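Working through the structure, step by step
Spelled out, the chains give:
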Amino acid sequence: MEQIENIQTVTSHLDKVQVKTGRLAIVIPVYQEGNHIRASIGEIRRILIEHCIDYEFILVDDGSTDNTWEQLAALACENKNITALRLTRNFGKEAAVCAGLEYADTEVLLVMDSDLQHPPELIPEMYRYWQEGYEVVEGIKSDRGKEGVFYKFCSEIFYRFLSKTSSIDLKNASDFKLLDKKVIEAWKRMPERTTFFRGMAAWVGFLRKQLAFEVRNRTTGQSKWSFLRLLKLAVGAMTSYTTVPLHFITIMGFIMFLLFLILGGQTLYMKLSGQALDGFTTVILLLLIIGSSVMISLGIIGIYLSKIYHEVKGRPRYLIADGIREGEKIC
Ligand code: UDP
Ligand code: MG
């Protein structure tokens, strides 16, 4: 009798941990990768077929000027599980990822780069974790690949600052992420125009699993991120997730006021006690300090203001020029 009860408990437990199944949509932003996109897609498909994962690709051409669109269009015509979208111009990787996420309508979705720097061999494992119930499975860079010391130093500062000043920790985070439909639905409820996929995917929460991966070196083509472009992304991300710089200005203001009281008091005392001032050193120093701190403060406020300006305009994040699915034009 007791044995039967035990068996019943085990079966009811198994019912609860029933694995999920569903088609995996793979969203890939593509920019100026005409020469090797076909090879990359071939490699990813090979792995998916080998592991019997039902899949579809959503390839978003982010306004490339080389033969990328011709390649994507040909791929979409040849394979019915490849959809190709083309943005009207280069809106940036973030916008291309948005277009893919908004277009997809599957139970689970994966975002990855087109240059195989995100190892496709990890996809089956990520998919298995999703089947076990995880809602976000994210690739974490165990090593940053062939990056200069300066880039490594800057990204370390950026991620530290962000994790200290906001509730999200993005250390070594990447855009290589598998997301459950629930997460995409939550993401769609975030209406901001300036998006930072990594930050938004961390902000939403949900049951998460992290997998470490080594960033491979690019085999062909070049990185599209210049230092200035990365800096723009970093400032955009920081001002999206933390208002600490604005509070910092207020604190700085108070400190400056305190200094002013002390120095002002001392200057007045010297004047009243008949001691002549030596020169303009103090005046010049004060002017410099106050001038620069006011400029910095105004600059920071300006960055936030420009973000508000962009948000209130409410422009679309991207515009789609063309779309091909199952060999047919969809837009
Ligand atoms: N990408 C994009 N739009 C851009 C720049 C890049 O869609 O304006 C895509 C690019 O094709 C690749 C991914 O974003 O699939 C990552 O780009 P890249 O390899 O240049 O970045 P890195 O690996 O150097 O960070
Ligand atoms: Mg890359």
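Residues numbered from 1 in each chain as written. Chains lettered and ligands numbered in written order. Predicted model: local features only at pLDDT ≥ 70, side-chain atom pairs only at ≥ 80, totals over all residues.

We now examine the site of ligand 1. Taken together, 16 residues lie near ligand 1, and Pro29, Tyr31, Ser114, Ser223 and Lys224 sit nearest. Its residues assigned to classes, the shell around ligand 1 comprises five nonpolar, five polar and six charged. (Near = placed C-beta within 6 Å. Nonpolar A, V, L, I, M, F, W, Y, C, P; charged D, E, K, R; others polar.)

Another aspect to go through is the domain arrangement of the chain. As assigned here, the chain comprises domain 1 (23–237 + 316–329) and domain 2 (241–313). Each of domain 1 and domain 2 has a C-alpha centre, and the two are 43 Å apart. Looking at the side of domain 1 that touches domain 2 residue by residue, the classes come out as four nonpolar, four polar and two charged. (Domains from an automatic or database assignment.)

Right, let's talk about the environment of Phe161 for a bit. Mapped onto the elements of the fold, Phe161 is located in helix α6 (residues 149–165). Judged by the 15 C-beta atoms lying within 10 Å of it, Phe161 falls in the partly exposed class. (Helix = DSSP H or I, 4+ residues; strand = E, 2+ residues; numbered from the N terminus. Buried ≥ 20, exposed ≤ 12 C-beta atoms within 10 Å, placed from the backbone.)

A separate point is the confidence of the model for the chain. Here the chain averages 84 in pLDDT, and 92% of its residues register 70 or above. Here residues 10–14 is a poorly scored stretch, pLDDT under 50, and it has zero contacts once near neighbours within four places are set aside; other chains count. If you check the scores for this complex, the pTM reads 0.76 and the ipTM reads 0.96. (pLDDT = per-residue confidence, 0-100. Contact = placed C-beta atoms within 7 Å.)

A positive phi angle, near 50°, is found at Gln32, a position not held by glycine. Along the chain, Gln32 turns up in the loop between β1 (24–30) and α2 (37–50). In this structure Gln32 comes out as partly exposed when scored by C-beta crowding, with 19 C-beta atoms within 10 Å.

What follows concerns the nonpolar core. Nonpolar side chains in soluble globular proteins tend to be buried together. Of all hydrophobic cores here, the largest spans 63 residues; its most connected members are Ile26, Val27, Ile58, Leu59, Leu109 and Leu110. When near neighbours in sequence (up to four residues on either side) are disregarded, Leu110 contacts Leu24, Ile26, Val27, Ile123, Met126 and Leu178. (Core = buried A, V, L, I, M, F, W, Y, C linked by C-beta atoms within 7 Å.)

What follows covers the sheet that holds strand β5 (residues 136–143). Here we have nine strands laid out as an open sheet, ordered β7-β5-β6-β4-β1-β2-β3-β8-β9, and mixed in their pairing. Sheet topology places β7 (208–214) and β9 (328–329) at the edges, where each strand pairs with a single neighbour. Strand direction decides the pairing type here: β5 and strand β6 (residues 173–180), joined by four bridges, are antiparallel. Residue pairing across strands places Val136 opposite Leu179, the latter belonging to β6. Of the strands in this sheet, β1, β4 (108–111), β5, β6 and β7 are in contact with helix α5 (residues 123–131), which crosses β6 at around 45°. Contacting β4, β5 and β6, helix α7 (residues 181–188) crosses the sheet at an angle of about 110° to β6. (Pairing = 2+ DSSP bridges. Axes fitted to C-alpha atoms, helices over the stretch in contact; angles between N-to-C directions.)

Time to look at the packing of α2 against helix α3 (residues 68–78). Angle between the axes and distance between the axes are the two parameters that describe a pair of packed helices. Between α2 and α3, the least distance of the axes is 10 Å, while the angle of their chain directions is 35°. Residues Ile37, Arg38 and Ile41 of α2 touch α3, and the partners they reach there are Thr68, Gln71, Leu72 and Leu75. Among the residues forming the contact of α2 with α3, the class breakdown is four nonpolar, two polar and one charged.

Turning to the packing of α6 against helix α9 (residues 227–241), a few remarks are in order. Interaxial distance between α6 and α9 falls to 10 Å at its minimum, and their mutual angle equals 10°. Classified by the interaxial angle, the pair formed by α6 and α9 is roughly parallel. In this structure, α6 uses Phe158, Phe161 and Leu162 to contact α9, whose residues at the interface are Ala234, Ala237, Met238 and Tyr241. Considered class by class, the residues forming the contact of α6 with α9 number seven nonpolar, no polar and no charged. (Parallel < 35°, antiparallel > 145°, perpendicular 65-115°, else oblique.)

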